Amino acid sequence: MARRHYGLITTGLILGTVIAAGCSDSGKKPVAKTQESKPAVPVPTKPAGVEELAQAPTLVPTGPVSFADGETAFKAKSYAEATRVFTRYTEQHPDNVWGHFMLGLSTWKGGDLMGAESAFEKALTIDPKHMKSLVNLSRVLLEEKRTEDAIERLTEATEIDPTSKDVPRLLGRAYHAQGNTVEAIKAYRHAIELDGQDSWAMNNLGLIFLEQGRASDALPLLTRAVELGKDVPAFHNNLGMALEHTGRFSAAATAYTNALGADPNYEKAKQNLARIEKVKEDPKTEPFEPETTAKSPEQKIDEKVETGRTEPIVSEQAK
């Protein structure tokens, strides 16, 4: 299948998993009425004095279950229960694409990548153009480090919906994982062109520039990513790296401190902050002005992006 190349951005993995509302056997989405749903059969607790089995069996409800039962468990992050309910639901409604999709999400969030892949593949046998299954299957494949398979699925998704905001960002991840930075940059730029609020695409593109030693190109992107996602510690940490490598050590220390404010256990930010606090800043260094730097970051990325020019990798990769 031919791969699609993306054009320039004008301004956006994670990343988020989309929760479908579900649909009935007729193909329509069922209305989730959680206040009327019946709880799934609970997993029995071990009586006192009874030894643990080597591996406790997964107990699937034997009676009727509703889509709302599983959706409620999923939203409560009870992924094991959601998996049990949607396993039963797909047995009762084998032709319902949304049931298999939600089973895929539940097993994936529960840590079962193979189960998730199987569920998404089943959904796609029912509806080969089910975008949510294609997109989330590609995420699973990326976690499994099967980048070629992920790119193949994402290319299919692009042909189905060229306006999808998630697909180019995921393609950027896949190409970056392959070491194909030229295509990764094109994909991330296209993602930001489609969605000027895609903070993860901005962060990921900024990270590539940091890896290439292009901190000045990374700075506007990472500044904007932080502006859009103040609660994401990685954004603050990566911004700190860009600031550090442009000589703005004081502002970098602030960024690392903000990363720890978002996640006090963020070891990378702790190490970066400890290092930067020992560095003396040149008093002639141009001050960091976030409001100005974050404005229209795409305008600060010139034609160098398209050349694939690489420069020495920075001393410490931001993550």
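Residues numbered from 1 in each chain as written. Predicted model: local features only at pLDDT ≥ 70, side-chain atom pairs only at ≥ 80, totals over all residues. Heavy atoms only, no water.

Visitor: An account of the confidence of the model for the chain is needed here, citing residue identities and associated values.
Guide: Scored by pLDDT, the chain comes out at a mean of 80, with 73% of its residues at no less than 70. The spread of mean pLDDT over the elements of the chain runs between helix 15 (residues 304-307), the lowest at 38, and helix 4 (residues 113-126), the highest at 98. Counting interchain partners and residues more than four positions distant, the pLDDT-below-50 stretch residues 1-58 has 130 contacts. The low-confidence segment residues 299-319, where pLDDT is below 50, has 54 contacts with residues more than four positions distant or belonging to other chains. (pLDDT = per-residue confidence, 0-100. Helix = DSSP H or I, 4+ residues; strand = E, 2+ residues; numbered from the N terminus. Contact = heavy atoms within 4.5 Å.)

Visitor: Lay out the environment of Asn 96 with the relevant residues and their values.
Guide: Topologically, Asn 96 is positioned in the loop between helix 2 (79-92) and helix 3 (97-109). Judged by relative accessible area, which is 0%, Asn 96 ranks as buried. In this structure, the C-alpha to C-alpha distance between Asn 96 and Ile 126, residues 30 residues apart in sequence, is 7.8 Å. Of note is the side chain of Asn 96, whose polar atom sits 3.1 Å from the side chain of Tyr 89. (Buried < 20%, exposed > 50% of the residue type's maximum accessible area, 1.4 Å probe, protein only. Polar contact = N/O pair within 3.5 Å; in protein donor to acceptor, adjacent residues only side chain to side chain.)

Visitor: Run through helix 4, naming residues and quoting values.
Guide: The periodicity of an α-helix, 3.6 residues per turn, causes residues three or four positions apart to be oriented the same way. The end-to-end C-alpha separation of helix 4 is 20 Å, in line with the 20 Å expected for 14 residues at 1.5 Å each. All of the buried residues along helix 4 are Ala 116, Glu 117, Ala 119, Phe 120, Ala 123 and Leu 124. Relative to the axis of helix 4, the buried residues are bounded by an arc of 165° and lie together on one face. Of the exposed residues in helix 4, those oriented more than 90 degrees away from the buried face are Met 114 and Thr 125. Buried residues along helix 4 sit against helix 3, helix 5 (131-143) and helix 6 (147-160). Capping of helix 4 at its N-terminal end is provided by Asp 112; its side-chain oxygen lies 3.4 Å from the backbone amide nitrogen of Met 114. (Expected span 1.5 Å × (residues − 1). Arc of directions from axis to C-beta.)

Visitor: Requested: an account of the packing of aromatic side chains, with residues and values cited.
Guide: Under the defined criterion, the tally for this structure stands at seven aromatic pairs. Each ring, one from Phe 74 and one from Tyr 79, has its centre 5.4 Å from the other, and the planes form 65°; the classification is edge-to-face. Judged on exposure class, the residue Phe 74 and its partner Tyr 79 are both buried. Geometrically, the ring pair formed by Trp 98 and Phe 101 is edge-to-face, given 5.7 Å between the ring centres and 90° between the ring planes. You can see Trp 98 and its partner Phe 101 sitting in helix 3, three residues apart, about one turn around the helix. You'll find Trp 98 and Phe 101 in the same group, each marked buried. (Phe/Tyr/Trp six-rings, centres within 6.5 Å; stacked < 30°, edge-to-face > 60°.)

Visitor: Before we move on, could you go through the environment of Arg 189 and cite the residues and values that matter?
Guide: Locating Arg 189 in the fold gives a position in helix 8 (residues 181-194). You can call Arg 189 buried: its relative accessible area is 5%. Between the alpha carbons of Arg 189 and Met 202 there is a distance of 8.2 Å; along the sequence they are 13 residues apart.

Visitor: Give me the pattern of salt bridges: which residues, what numbers.
Guide: Opposite charge on two side chains lets them pair, provided their charged atoms get close. Per the counting criterion, the structure on display carries 15 salt bridges. A salt bridge links Glu 156 to Arg 153; its shortest N-O distance comes to 3.3 Å. Here the residue Glu 156 and the residue Arg 153 both occupy positions in helix 6, the gap between them amounting to three residues, near one helical turn. For the pair formed by Glu 156 and Arg 153, the shared burial category is buried. (Salt bridge = Lys/Arg side-chain N within 4 Å of Asp/Glu carboxyl O.)

Visitor: Describe the environment of Pro 283, with residues and values.
Guide: Looking at the secondary structure, you find Pro 283 in the loop between helix 13 (267-276) and helix 14 (290-294). Of the residues examined, Pro 283 reaches a relative accessible area of 78% and is grouped as exposed. As a C-alpha pair, Pro 283 and Arg 248 span 35 residues in sequence and 9.9 Å in three-dimensional space.

Visitor: Give a description of the packing of helix 9 (residues 199-211) against helix 11 (residues 233-244) that names residues and reports values.
Guide: Where helix 9 meets helix 11, the closest approach of the two axes is 10 Å, and the angle between their N-to-C directions is 35°. The way helix 9 lies across helix 11 gives a crossing that is left-handed. Contact residues: helix 9 offers Ser 199, Trp 200, Asn 203 and Leu 210, while helix 11 offers Ala 234, Phe 235, Asn 238, Met 241 and Ala 242. Of the residues belonging to the contact of helix 9 with helix 11, the class tally is six nonpolar, three polar and no charged. (Axes fitted to C-alpha atoms, helices over the stretch in contact; angles between N-to-C directions. Left-handed = near helix turned anticlockwise from the far one by under 90°. Nonpolar A, V, L, I, M, F, W, Y, C, P; charged D, E, K, R; others polar.)

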